[in-house]
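# Chain and residue survey
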Amino acid sequence: MNISPLKSFDRIILGIDPGTNFMGYGILGLEGKKPHTIALGVIHLHKIPDHYMRLNRIYERVLGLVEQYLPDEMAIEAPFFGKNVQSMLKLGRAQGVAMAAALAREVPITEYEPRKIKMAITGNGAASKEQVKEMLKRILSLSDQQMPGELDASDALAVALCHFYESSKPIPSTGSKSWKDFIAKNPDRVKGL
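Residues numbered from 1 in each chain as written. Predicted model: local features only at pLDDT ≥ 70, side-chain atom pairs only at ≥ 80, totals over all residues. Heavy atoms only, no water.

## Details of the overall build of the protein chain
Within the protein chain, the secondary structure is distributed over 6 helices and 5 strands. Listed by position from the N terminus, the elements making up the protein chain come as β-β-β-α-β-α-β-α-α-α-α. Per-residue burial for the protein chain yields a buried fraction of 41% across its 193 residues. The long-range fraction of contacts in the protein chain, counting pairs at least 24 apart against all pairs at least 6 apart in sequence, stands at 62%. With the model as given, the accessible surface of the protein chain reaches about 11100 Å², and the carbon-plus-sulfur share is 55%. (Helix = DSSP H or I, 4+ residues; strand = E, 2+ residues; numbered from the N terminus. Buried < 20%, exposed > 50% of the residue type's maximum accessible area, 1.4 Å probe, protein only. Contact = heavy atoms within 4.5 Å. Areas by Shrake-Rupley, 256 points an atom, 1.4 Å probe, with all protein chains shown as cover.)

Structure representation (C-alpha cells):
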C-alpha cells in the first residue's frame, strides 16, 4: 500500500519483517529529522507449496522493492530463537534471501532483535505486536485505513523506524573536552592566521 508519493527524501529506509508464509515490508522516507511512511505491505507466500519457490519469490519481491523505491539502507528483523529448529532454519533462509536481494544492489543492511525494535517504538521490549502497531499510527500520523490489518506490515515499518532512531543518535564524544585537547589531537586541522 503506497501512502506518500515518492519524492526527493534525504534518505529512504526499507524495513523487512522476514517470514516464509508472510513477509512484511515498510518504507520510510526521511526529510531532515522527520520520517514519512512511503509504503508498507505484506508479501503473501503461503500459497506457494514449494519452500524453494517461496525463497525465489522473496528474492524477486525484495529486489523489486529495492529497484522501485531505491532505499539507501535496509533494516531487517533478526530471527529470534525458537524451539522448532525447522522453523528457525526456514526463517533464517528467508532472511538471508531478503538480505541477498538488497546486497545485489549494494544496499547496506542492519539487523535488529525484536526486543530492541519494540523498545525503540513503544519503550517496552515486551510490547505486543498490536501495541507496536498502535504506537506507529500515532508516531507516523497514520489512519486505520493507511495501516494494513496484517501485523507483518506494521512490524516491518517498526524495523525501519527503529533503524531511523538508532542511526540518528548523536555520535559519541571522542573524549576531547576542550579546544586545547582538540588541537593537540588534530594539529593538521589548525590553520595559521
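## Focus: the packing of aromatic side chains
Throughout the structure, instances matching the rule amount to 1 aromatic pair. Look at Phe164 and Tyr165: their rings are 5.8 Å apart centre to centre, the planes differ by 40°, and that puts the pair in the tilted class. (Phe/Tyr/Trp six-rings, centres within 6.5 Å; stacked < 30°, edge-to-face > 60°.)

## Description of the sheet that holds strand β4 (residues 73-77)
Read across the open sheet, the 5 strands follow the order β3-β2-β1-β4-β5; overall the sheet is mixed. If you trace the sheet from one side to the other, it starts and ends with β3 (34-44) and β5 (109-112), each paired once. Each neighbouring strand pair of the sheet contributes to a mean axis angle of 20°, computed without reference to strand direction. As paired strands, β4 and β5 are joined by 4 bridges and run parallel to one another. Of the residues in β5, the one forming a bridge with Ala75 is Thr110. Across the sheet, helix α2 (residues 85-103) touches β1 (11-17), β2 (22-31), β4 and β5, and the angle it forms with β4 is around 180°. (Pairing = 2+ DSSP bridges. Axes fitted to C-alpha atoms, helices over the stretch in contact; angles between N-to-C directions.)

## Focus: the environment of Ile117
Tracing the chain through its elements places Ile117 in helix α3 (residues 114-122). Judged by its relative accessible area of 4%, Ile117 falls in the buried class.

## Let's talk about helix α5 (residues 151-167)
The terminal C-alpha atoms of α5, which comprises 17 residues, lie 24 Å apart, in line with the 24 Å expected from a rise of 1.5 Å per residue. Here α5 lies mainly inside the structure; 12 of its 17 residues are buried. Residues of α5 that are buried: Ala153, Ser154, Asp155, Ala156, Leu157, Ala158, Val159, Ala160, Leu161, Cys162, His163 and Phe164. (Expected span 1.5 Å × (residues − 1).)

## Brief notes about the nonpolar core
Ranked by size, the top nonpolar core spans 27 residues in total, and within it Leu14, Ile16, Met23, Ile27, Ile58, Val62 and Met74 carry the most contacts. Among the secondary structure elements, those contributing two or more residues to this core are β1, β2, β3, α1 (51-69), β4 and α2. Sorting elements by how many residues they give to this core places α1 first, with 7 residues. The contact partners of Leu14, leaving out residues within four places of it in the chain, are Tyr25, Gly26, Ile27, Leu65, Val66, Pro71, Glu73, Met74 and Ala75. Listed in part, the 23 residues of the second largest apolar core include Ile13, Ile121, Leu136 and Val159. (Core = buried A, V, L, I, M, F, W, Y, C linked by side-chain atoms within 4.5 Å.)

## What to know about the side chain of Asp17
For Asp17, the position within the fold is in strand β1. Among buried Asp, Glu, Lys and Arg side chains, Asp17 stands out as unpaired, with Lys129 the closest opposite charge at 4.7 Å. Contact partners of Asp17, with chain neighbours within four places excluded, come to Phe22, Met23, Gly24, Glu77, Asp152, Asp155 and Ala156. (Lys, Arg positive; Asp, Glu negative; His and termini not counted. Salt bridge = Lys/Arg side-chain N within 4 Å of Asp/Glu carboxyl O.)

## With respect to the side chain of Glu77
As for its placement among the helices and strands, Glu77 is situated in strand β4. In this structure Glu77 is buried but unpaired, with Lys129 as the nearest side chain of opposite charge at 5.6 Å. Setting aside residues up to four positions removed in sequence, Glu77 forms contacts with Ile16, Asp17, Pro18, Gln95, Tyr112, Pro114, Ile117 and Val159.

## Re the pattern of salt bridges
Across all of its chains, the model carries 7 salt bridges by this definition. A salt bridge links Glu166 to Lys116, with the shortest nitrogen-to-oxygen separation between them at 3.7 Å. Remark: Lys116 occurs in helix α3 and Glu166 occurs in helix α5; sequence separation between them is 50 residues. Note that Lys129 and Asp155 form a salt bridge whose closest N and O atoms lie 2.3 Å from each other. Within this pair, whereas Lys129 is found in helix α4 (residues 129-139), its partner Asp155 is found in helix α5, the two being separated by 26 residues in sequence. Of the residues examined, Lys129 reaches a relative accessible area of 36% and is grouped as partly exposed.

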